[in-house]
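Spelled out from the first residue to the last, the chains are:
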2 protein chains.
Amino acid sequence: MITSRDVARLAGVSQPTVSRALRDDPKVSEATKKRVRDAAVALGYSTSPIGRALAVGRSTRVGLVVTDLENQFYGHVIAPMHRELERLGYELVLITESSESGPVTEHVMGHGLCGVVLATTTVDSLLPARLRDRGVPFVYFNRTAQSVQADSVTVDPEAGIRELLREVIGSGHRRIGAIFGPRNTSTGEQRENTVRSVLDEHGLALAHRDVLHGPFDFATGFGGARTLLDREDPPTLVLCGNDVVALGALNSAAEMGVAVPAEVSIVGFDDLPTSGWALIRLSTVAYDLDEMSREAARLIVARVEEPDARPRHTIYPSRYVARATTSSPRA
Amino acid sequence: MITSRDVARLAGVSQPTVSRALRDDPKVSEATKKRVRDAAVALGYSTSPIGRALAVGRSTRVGLVVTDLENQFYGHVIAPMHRELERLGYELVLITESSESGPVTEHVMGHGLCGVVLATTTVDSLLPARLRDRGVPFVYFNRTAQSVQADSVTVDPEAGIRELLREVIGSGHRRIGAIFGPRNTSTGEQRENTVRSVLDEHGLALAHRDVLHGPFDFATGFGGARTLLDREDPPTLVLCGNDVVALGALNSAAEMGVAVPAEVSIVGFDDLPTSGWALIRLSTVAYDLDEMSREAARLIVARVEEPDARPRHTIYPSRYVARATTSSPRA
DNA sequence: CTTTCGACTGTATACGTATGCATTCGATGC
DNA sequence: GCATCGAATGCATACGTATACAGTCGAAAG
């Protein structure tokens with residue numbers, strides 16, 4: 001291992017001067033900086049993040065806590081978040097929240113991480129409280145937990161859902177089913193509440209038996225659609241908690257031989273790239289997930305660098321994107 | 001920040017004893033261990049990975065170098081690899097190889113990382129040589145570079161491609177087109193060579209104009225299919241470098257109104273979960289990507305813990321999975 | 001010519017943990 | 001009852017970098 005001391009020796013200066021020169025400290029003369037830089041290049045030296053982290057008291061590693069890495073949704077979160085963090089000089093470390101007492105606590109608590117983005121918070125999670133108690137900065141992404149305050153990046157589903165319901169109700173749908181997300185997530189709950197209240201404005205309501213709940217994954221949509229569409233009198237429209245659920249439902253319908261949208265309309269939420277494919281053409285509620293992911297990166301970095309700034313909550317608008325999985329109900 | 005010294009004070013022992021007790025060193029008495037553990041819990045202490053890494057001389061962080069995080073292929077790599085690494089007590093850090101001189105070098109070189117998995121190596125990449133020169137352990141995943149030896153995890157495409165070609169040629173295809181991956185990747189090259197040599201055994205060859213190349217992404221397949229299918233006399237079968245390319249081709253065909261497989265058959269390579277969807281049903285060459293990803297995790301950890309072990313090369317077999325995007329060519 | 005100041009660089013030390021070595025203490029053997 | 005040994009623990013220090021502080025040196029001001 002090549003250390004700053006080796007560089008110092010070669011450049012004929014002291015170790016601290018190397019440290020300063022390489023971080024472009026104005027107190028070091030240009031001539032010395034050049035000598036040091038040349039020596040560093042000659043030896044192939046680069047500063048040890050570990051030593052640096054120990055000395056500075058914090059690292060430049062941000063943890064992203066998710067439950068389900070297979071879920072394609074998170075691929076579209078990770079990529080832009082990672083790029084933005086890198087741009088800001090930070091690294092992204094993945095953490096799966098397998099259990100409350102699991103590695104999250106261990107990895108997050110010892111200050112291996114300077115901050116955390118929570119992307120799969122449930123409203124009853126203990127993690128936010130733990131992080132707060134230990135003074136680890138964190139940001140809610142997409143989902144929040146009311147119990148503990150923190151910066152957040154979320155979507156306001158109202159505009160999208162309102163527009164969506166206006167359109168499908170206008171085109172004649174009355175019997176509406178839903179496969180919502182888990183009740184213990186803020187997103188699941190918020191989307192459900194919004195749907196119910198907007199339906200109410202239209203003088204409609206969801207029949208209890210037409211409402212299902214489950215994790216935001218393919219299997220939920222796949223199984224849910226089977227349940228709903230196997231009925232004697234299935235709903236003419238199925239609202240899904242998100243796009244991945246809708247993709248499950250769509251494929252379930254295809255497998256059952258139920259024509260979409262002729263026999264049933266299906267709607268998602270997220271507008272993932274897959275949803276726009278010619279073979280899919282999913283009608284859905286869209287928002288800027290890329291920008292959201294980058295904003296989460298910016299917020300956590302800002303919080304890390306200025307822990308006492310006032311809380312920031314960025315909320316992104318949503319809109320309805322009508323594609324080919326919705327139409328008037330069959331007569 | 002709570003340190004081992006705080007725990008030591010509370011437990012009435014010295015700091016080194018805390019260090020030993022918590023790592024279950026047999027030289028510490030059970031009674032002391034208990035006192036230390038209790039104190040640690042009481043204070044909510046967990047050992048600092050940073051301090052530990054500095055003292056031990058290496059971290060427990062493995063870097064995964066990829067170029068294109070949006071690509072769903074990598075989602076299916078990251079998830080199992082991450083789980084396996086976590087099981088082994090290591091962490092996964094994502095690194096995008098934006099440029100040869102970019103952050104890869106910086107992050108990898110200073111011993112922030114104890115090892116690296118290269119998932120998007122090109123045959124002409126300088127990174128393997130650099131890693132070797134600095135003594136950073138690494139493993140090739142999926143792709144290799146001949147110039148520098150290292151452990152590797154790869155797929156042998158031959159069985160799958162052989163079976164695939166036997167079947168489609170048997171069903172009558174003669175005019176075969178291809179959208180291969182980049183020539184400067186071992187996987188792209190190997191799959192192409194295998195296809196050509198097996199075709200040769202059948203007395204067939206690819207027409208020069210029916211062969212395209214491009215990055216392993218959706219756009220390559222989308223654009224490539226458009227090029228091939230816009231012809232007066234398009235191929236009756238299009239072989240794609242991987243599934244993501246095939247999905248692009250499939251959607252391109254759908255958008256052009258070209259029926260699959262009635263007018264053109266399309267085949268991929270990877271068998272991603274998406275390929276099995278009822279709405280997709282892509283015929284493809286399958287192998288155990290999950291297991292491969294875990295094996296890469298195991299190999300890099302083994303290499304890190306025993307740098308001088310003899311090189312290991314794990315090769316996974318492939319097989320053809322016929323689904324709904326292939327049939328006899330139209331008469 | 002002396003003083004003062006500022007620009008630059010070096011010295012000493014801190015960060016949190018791990019480990020070789022020294023030390024203590026009680027038990028065992030003679 | 002003394003020597004010996006081993007188990008248990010403490011002491012000192014190392015890891016690589018960053019930073020407060022002290023020091024040096026030359027130039028400018030008096």
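The model shown is predicted, which means the values in this text are computed figures rather than measured ones. (Residues numbered from 1 in each chain as written. Chains lettered and ligands numbered in written order. Predicted model: local features only at pLDDT ≥ 70, side-chain atom pairs only at ≥ 80, totals over all residues. Heavy atoms only, no water.)

Chemist: Quick one: what's the story with the overall build of chain A, residue by residue and with numbers?
Modeler: Along chain A, the regular secondary structure elements total 12 helices and 12 strands. Its C-alpha atoms give chain A a radius of gyration of 25 Å, clearly above 20 Å, the size a compact globule of 331 residues would have. For chain A, with 331 residues in total, the buried portion stands at 56%. Within chain A, contacts between residues at least 6 apart in sequence are counted, and of these 71% link residues at least 24 apart. (Helix = DSSP H or I, 4+ residues; strand = E, 2+ residues; numbered from the N terminus. Rg over C-alpha atoms; globule rule 2.2 N^0.38 Å. Buried < 20%, exposed > 50% of the residue type's maximum accessible area, 1.4 Å probe, protein only. Contact = heavy atoms within 4.5 Å.)

Chemist: Kindly report on the domain arrangement of chain A, identifying the contributing residues and their values.
Modeler: Looking at chain A, the domain boundaries give domain 1 (4–47), domain 2 (58–154 + 289–317) and domain 3 (156–287). A straight line from the C-alpha centre of domain 1 of chain A to that of domain 3 of chain A covers 60 Å. (Domains from an automatic or database assignment.)

Chemist: Please set out the protein's contact with DNA strand D residue by residue, giving values where relevant.
Modeler: Residues in contact with DNA strand D amount to 29 residues; listed here are only the nearest, Ser4, Arg5 and Tyr45 of chain A together with Thr17 and Thr32 of chain B. Restricting the count to atoms of DNA strand D within 4 Å of the protein gives a sugar and phosphate share of 58%. Note that a phosphate oxygen of DNA strand D is positioned 2.6 Å from one of the backbone N or O atoms of serine 4 of chain A. At a separation of 2.9 Å, a phosphate oxygen of DNA strand D approaches a polar backbone atom of serine 29 of chain B. For the surface near DNA strand D, the elements supplying multiple residues, two or more each, are helix 1 (4–11), helix 2 (15–22) and helix 4 (49–56) of chain A together with helix 2 (15–22) and helix 4 (49–56) of chain B. In terms of residue count, the dominant contributor to the surface near DNA strand D is helix 4 of chain A (five residues). Among the residues forming the surface near DNA strand D, the class breakdown is 12 nonpolar, 11 polar and six charged. (Near = heavy atom within 4 Å. Polar contact = N/O pair within 3.5 Å; in protein donor to acceptor, adjacent residues only side chain to side chain. Nonpolar A, V, L, I, M, F, W, Y, C, P; charged D, E, K, R; others polar.)

Chemist: Requested: an account of the UniProt feature "domain: HTH lacI-type" (unreviewed entry) in chain A, with residues and values cited.
Modeler: Sequence positions flagged by UniProt for "domain: HTH lacI-type" (unreviewed entry) are, in local numbering, residues 2–56 of chain A. Here residues 2–56 of chain A is 69% helix and 0% strand, with 20 Å between the C-alpha atoms at its ends. (UniProt positions renumbered as here; feature names shortened; annotations may be inferred.)

Chemist: Residue-level account of the protein's contact with DNA strand C, with values.
Modeler: Lining the immediate environment of DNA strand C, one finds 28 residues, of which Thr32 of chain A together with Ser4, Arg5, Ser19 and Tyr45 of chain B sit closest. Of everything in DNA strand C that lies within 4 Å of the protein, sugar and phosphate atoms constitute 60%. Between DNA strand C and tyrosine 45 of chain B there is a distance of 2.3 Å, counted from a phosphate oxygen to a side-chain nitrogen or oxygen. Only helix 2 and helix 4 of chain A together with helix 1 (4–11), helix 2 and helix 4 of chain B provide two or more residues apiece to the surface near DNA strand C. Residues belonging to the surface near DNA strand C are distributed by class as follows: 11 nonpolar, 11 polar and six charged.

Chemist: Talk me through the packing of helix 10 (residues 218–229) of chain A against helix 11 (residues 243–256) of chain A; I want residue IDs and the actual numbers.
Modeler: All names here are of chain A. In the contact formed by helix 10 and helix 11, the axes pass within 6 Å of each other and the chain directions differ by 45°. It follows from the interaxial angle that helix 10 and helix 11 lie oblique. In this structure, the crossing between helix 10 and helix 11 has a hand that is right-handed. For the pair helix 10 and helix 11, contact is made by Phe218, Thr220, Gly221, Phe222, Ala225, Arg226 and Leu229 and by Val244, Val245, Leu247, Gly248, Ala249, Asn251, Ser252, Ala253, Glu255 and Met256, respectively. Of the residues in the contact of helix 10 with helix 11, the class split is 10 nonpolar, five polar and two charged. (Axes fitted to C-alpha atoms, helices over the stretch in contact; angles between N-to-C directions. Parallel < 35°, antiparallel > 145°, perpendicular 65-115°, else oblique. Left-handed = near helix turned anticlockwise from the far one by under 90°.)

Chemist: Describe the side chain of asparagine 251 of chain B, and please don't skip the residues or the numbers.
Modeler: Position of asparagine 251 of chain B relative to the elements: it lies in helix 11 (residues 243–256). From its side chain, asparagine 251 of chain B meets the backbone oxygen of leucine 247 of chain B in a polar contact 2.9 Å long. Apart from the residues lying within four places of it in its own chain, the contact partners of asparagine 251 of chain B are Trp277, Ala278 and Leu279 of chain A together with Phe218 and Phe222 of chain B.

Chemist: Describe the relation of the copies chain B and chain A, naming the residues involved and giving the relevant values.
Modeler: For the pair of chain copies, the relating operation is a rotation around an axis with a shift along it. For these two chains of identical sequence, chain B goes onto chain A by a turn of 180° and a shift of 0.1 Å along the axis, with RMSD 0.1 Å. The transformation relating the two chain copies, once decomposed into turn and shift, fits a two-fold axis. Taking C-alpha positions as reference, the residue of chain B nearest the rotation axis is valine 93 of chain B, located at 2.4 Å. (Least-squares fit on C-alpha atoms with pLDDT ≥ 70 in both.)

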